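Notes for the structure review
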There are 2 protein chains.
Amino acid sequence: MIDGPTKTLPRLDESLLTHMPPFSRLSRERIRQILDLASSRRYPEGQAVFEEGAEAGRFFMLLDGYIRVIRITETGEQIIALHIPPGQLFGIAKAIGRSSYPATAVTASESIVLSWPMELWDSFLSYDGFATETYKTVGTRMGEMNNRIVEMATQQVEQRVANALLRLVNQTGRKVEEGIEVDFPITRQDLSEMTATTLHTVSRLLSAWEKAGMVKSTRKHIIVCDPHALVVLGHHSSKH
Amino acid sequence: MIDGPTKTLPRLDESLLTHMPPFSRLSRERIRQILDLASSRRYPEGQAVFEEGAEAGRFFMLLDGYIRVIRITETGEQIIALHIPPGQLFGIAKAIGRSSYPATAVTASESIVLSWPMELWDSFLSYDGFATETYKTVGTRMGEMNNRIVEMATQQVEQRVANALLRLVNQTGRKVEEGIEVDFPITRQDLSEMTATTLHTVSRLLSAWEKAGMVKSTRKHIIVCDPHALVVLGHHSSKH
DNA sequence: TGCGAACTTTGTTCTAGCGCAAGGTCCATC
DNA sequence: GATGGACCTTGCGCTAGAACAAAGTTCGCA
């Protein structure tokens, strides 16, 4: 979905942004200004916010929901590069010197997104704390990518899937009765695209873990009951 | 090696920096200033310029040689994250909002390196074109990491090694009689650490390619005779 | 010139986990 | 309440490539 942003939501309250790191040092007035420049929009689950290669006309902030950053190979395989939780900027191509989006962003669940025209980027950068926080975010994402590379290079499938699951519950987990649940719909296929394996293998692993009482899962939902047991898997032994 | 930088080289000429992208828009006088603030140093092959986790006290520019950015796992395995060619900044932790280096930098061949105290970073950022070029570099490196993830997730070992080799000759290749040679010493082990495989497998692949006339290799040296043949390998078919 | 360390090669064995196949379950929609 | 599509499970065979093993080669250095 690349069509123009539209205001489908009621007038936005300043409190939406006051606690988001990139804006937290700004005055109420400044935030009002920023909000008045923003378009807000609701995306249903599974919709693209922008596509890889498209001209980077706007930058975004996720207010609610989850965004999945994906890449698609020439042969049509998808790989999930990153999950973005609420409160983060994304599609900030200009921050890394690009004029087109380097990947596709899709909603992992219904999401509320603010966006601004990329022309405003430079003025945003001048706001107190904005640049610092933004580059911190870039750094964090680089770190995550790096860890992923190391993980794929050195760990077995079981450990990778365990780690991916742990990361999900840590970053986006919601406490429920039996443990912590990933709080957006997630399929075996999704998990396999995050860990470079097949949905079959993921399914088998989840079955085994469920038998061992470490997780509980139903269609599109996964609850981690015993995080520590998964951590231990991750620390077991190396590939070589 | 983390010991203090020392001026071991003769006085630096302005022309060293005038054609390096981050500085190319600056006046001769400004460049003189910048050089006078710099420490220069020669590192023999295989030496660490800085180590992962250390406080990021300086940032660097590679004048000559090659730098390898590596990470080491808890179990002692090395993985090579990136190769940096001459003319690029590295160790620019501040650019991504970090106060310690996120990886270790080691020379892949004898190298000449300039460095400045990180306290000067903000003033450098104000120089015309410096910030833009720097963030472009960050963006490029993110892109490379991303491609690497996709590659590891979707390609077979042979294709990955072929691609890694192609990237090396494209970025750092030196034309020789029989083809293009990687212009720093590189072992089978190095190549395996770049592609998440073993030195044994790399050795077998190189042997096979040599038999097919696509490459020529000796101890620590690899010449690609028929780049196109390697490209074709990379395009063959996907894993799934 | 001879020793040892650092590289490289090649053979053989073994297994993680992929590919393939078939069937089951849940859910939306008519 | 039946049809179809999306998602999940499980079994089995097979192969890429890791692990193990053992020699061979090159090079710096005493």
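Remember, it's a predicted structure, so these values are computed and weren't measured experimentally.

**Overview of the overall build of chain A**
Looking only at helices and strands, chain A has 8 helices and 12 strands in total. Its C-alpha atoms give chain A a radius of gyration of 19 Å, near enough to 18 Å, the size a compact globule of 240 residues would have. When its C-alpha atoms are laid out on the principal axes, chain A stretches across 55 × 40 × 30 Å. Sorting the 240 residues of chain A into buried and exposed places 53% on the buried side. Excluding contacts between residues fewer than 6 apart, the proportion of contacts in chain A whose partners are at least 24 apart in sequence is 73%. Summed over its atoms, the accessible surface of chain A is roughly 10,900 Å², and 50% of this surface lies on carbon and sulfur atoms. Positive and negative charge centroids in chain A, built from 27 and 28 side chains respectively, lie 1 Å apart.

**Thoughts on the relation of the copies chain A and chain B**
Between chain A and chain B, the superposition needs a rotation of 180° and an axial shift of 0.0 Å, giving an RMSD of 0.0 Å. Here the two chains are linked by the operation of a two-fold rotation axis. Most of the interface of chain A is mirrored in chain B, where 100% of its interface residues again form contacts.

**Things to note about the pairing of strand E12 (residues 221-224) of chain B**
Residue and element names in this part refer to chain B. Across 2 bridges, the pairing between strand E10 (residues 179-182) and E12 is antiparallel. When the bridges of E12 are listed, Ile 180 appears paired with Val 224. Pairing of strand E11 (residues 215-218) with E12, which is carried by 4 bridges, proceeds in the antiparallel orientation. Bridge pairing in E12 places Ser 217 opposite Ile 222. Taking the residues that link successive antiparallel strands as the turn, the E11-E12 hairpin has 2 residues, and the phi of Lys 220 there is positive, at about 70°.

**Overview of the domain arrangement of chain A**
Residues and elements named next belong to chain A. By the assigned domains, chain A splits into domain 1 (15-151) and domain 2 (156-235). Between domain 1 and domain 2, the residue contacts involve 12 residues of the former and 14 residues of the latter. For the pairing of domain 1 and domain 2, the buried interface totals around 1,200 Å² over both sides, and the portion due to carbon and sulfur atoms is 48%. Counting the surface domain 1 buries against domain 2, the share from its top three residues, Tyr 66, His 83 and Glu 151, is 45%. On inspection of domain 1 and its partner domain 2, the count reaches 3 salt bridges. Between Glu 151 and Arg 167 there is a salt bridge; the shortest N-O distance is 2.6 Å.

**Remarks on the interface of chain A and chain B**
On the side of chain B, 31 residues touch chain A, which itself brings 30 residues to the contact. For the pairing of chain A and chain B, the buried interface totals around 3,000 Å² over both sides, and the portion due to carbon and sulfur atoms is 71%. Considering only the surface of chain A that becomes buried against chain B, A:Met142, A:Met145 and A:Ile149 emerge as the three largest contributors, covering 21% of it. Counting across the chain A and chain B interface gives 0 salt bridges. Taken together, the connections running from chain A to chain B amount to 2 residue pairs in polar contact (both at pLDDT 80 or more). Those elements giving two or more residues to the side of chain A that touches chain B turn out to be strand E5 (78-84) and helix H4 (130-154) of chain A. Per element, the largest residue contribution to the side of chain A that touches chain B is 15 residues, and it comes from H4(A).

**Description of the packing of aromatic side chains**
Following the criterion strictly, the structure yields 33 aromatic pairs over all chains and no others. Among the aromatic residues, those joined into a ring-pair cluster are A:Phe23, A:Phe59, A:Trp116, A:Trp121, A:Phe124, A:Tyr127 and A:Phe130.

**As for the sheet that holds strand E7 (residues 104-107) of chain B**
Residues and elements named next belong to chain B. Ordered by their spatial adjacency, 4 strands build an open sheet running E2-E7-E4-E5, and the pairing between neighbours is antiparallel. Strand pairing shows two members of the sheet lacking a second neighbour, strand E2 (48-50) and strand E5 (78-84), which therefore form its edges. Each strand of the sheet is rotated relative to its neighbour by a mean of 35°, with strand direction disregarded.

**Some thoughts on the sheet that holds strand E4 (residues 67-72) of chain A**
Residue and element names in this part refer to chain A. Strand order in the open sheet formed by 4 strands is E2-E7-E4-E5, and the pairing between neighbours is antiparallel. Among the strands making up the open sheet, the edge pair consists of strand E2 (48-50) and E5. Taking each pair of neighbouring strands and ignoring which way they run, the sheet shows an average axis angle of 35°. As paired elements, E4 and strand E7 (residues 104-107) share 4 bridges and run antiparallel to each other. When the sheet's bridge partners are listed, Ile 67 is paired in E7 with Thr 107. Sitting on the sheet, helix H6 (residues 188-195) is in contact with E4 and E5, with an inclination near 90° to E5.

**Section: the packing of H4(A) against helix H4 (residues 130-154) of chain B**
One can describe the packing of H4(A) onto H4(B) by two numbers: an axis separation of 10 Å at closest approach and a directional angle of 30°. When the axis of H4(A) is compared with that of H4(B), the two are roughly parallel. In the packing of H4(A) onto H4(B), the handedness of the crossing is left-handed. Between H4(A) and H4(B), the contacting residues are A:Tyr135, A:Val138, A:Arg141, A:Met142, A:Met145, A:Asn146, A:Arg148, A:Ile149, A:Met152 and A:Ala153 on the first element and B:Tyr135, B:Val138, B:Arg141, B:Met142, B:Met145, B:Asn146, B:Arg148, B:Ile149, B:Met152 and B:Ala153 on the second.

**Considering the environment of B:Ala212**
Position of B:Ala212 relative to the elements: it lies in the loop between helix H7 (199-211) and E11. Sequence separation between B:Ala212 and B:Ala229 is 17 residues, and the spatial gap between their C-alpha atoms is 9.5 Å.

Conventions used here
Residues numbered from 1 in each chain as written. Chains lettered and ligands numbered in written order. Predicted model: local features only at pLDDT ≥ 70, side-chain atom pairs only at ≥ 80, totals over all residues. Heavy atoms only, no water. Helix = DSSP H or I, 4+ residues; strand = E, 2+ residues; numbered from the N terminus. Rg over C-alpha atoms; globule rule 2.2 N^0.38 Å. Buried < 20%, exposed > 50% of the residue type's maximum accessible area, 1.4 Å probe, protein only. Contact = heavy atoms within 4.5 Å. Areas by Shrake-Rupley, 256 points an atom, 1.4 Å probe, with all protein chains shown as cover. Lys, Arg positive; Asp, Glu negative; His and termini not counted. Charge placed at Lys NZ, Arg CZ, Asp CG, Glu CD. Least-squares fit on C-alpha atoms with pLDDT ≥ 70 in both. Pairing = 2+ DSSP bridges. Domains from an automatic or database assignment. Buried area = accessible area lost by both parts, 1.4 Å probe. Salt bridge = Lys/Arg side-chain N within 4 Å of Asp/Glu carboxyl O. Polar contact = N/O pair within 3.5 Å; in protein donor to acceptor, adjacent residues only side chain to side chain. Phe/Tyr/Trp six-rings, centres within 6.5 Å; stacked < 30°, edge-to-face > 60°. Axes fitted to C-alpha atoms, helices over the stretch in contact; angles between N-to-C directions. Parallel < 35°, antiparallel > 145°, perpendicular 65-115°, else oblique. Left-handed = near helix turned anticlockwise from the far one by under 90°.

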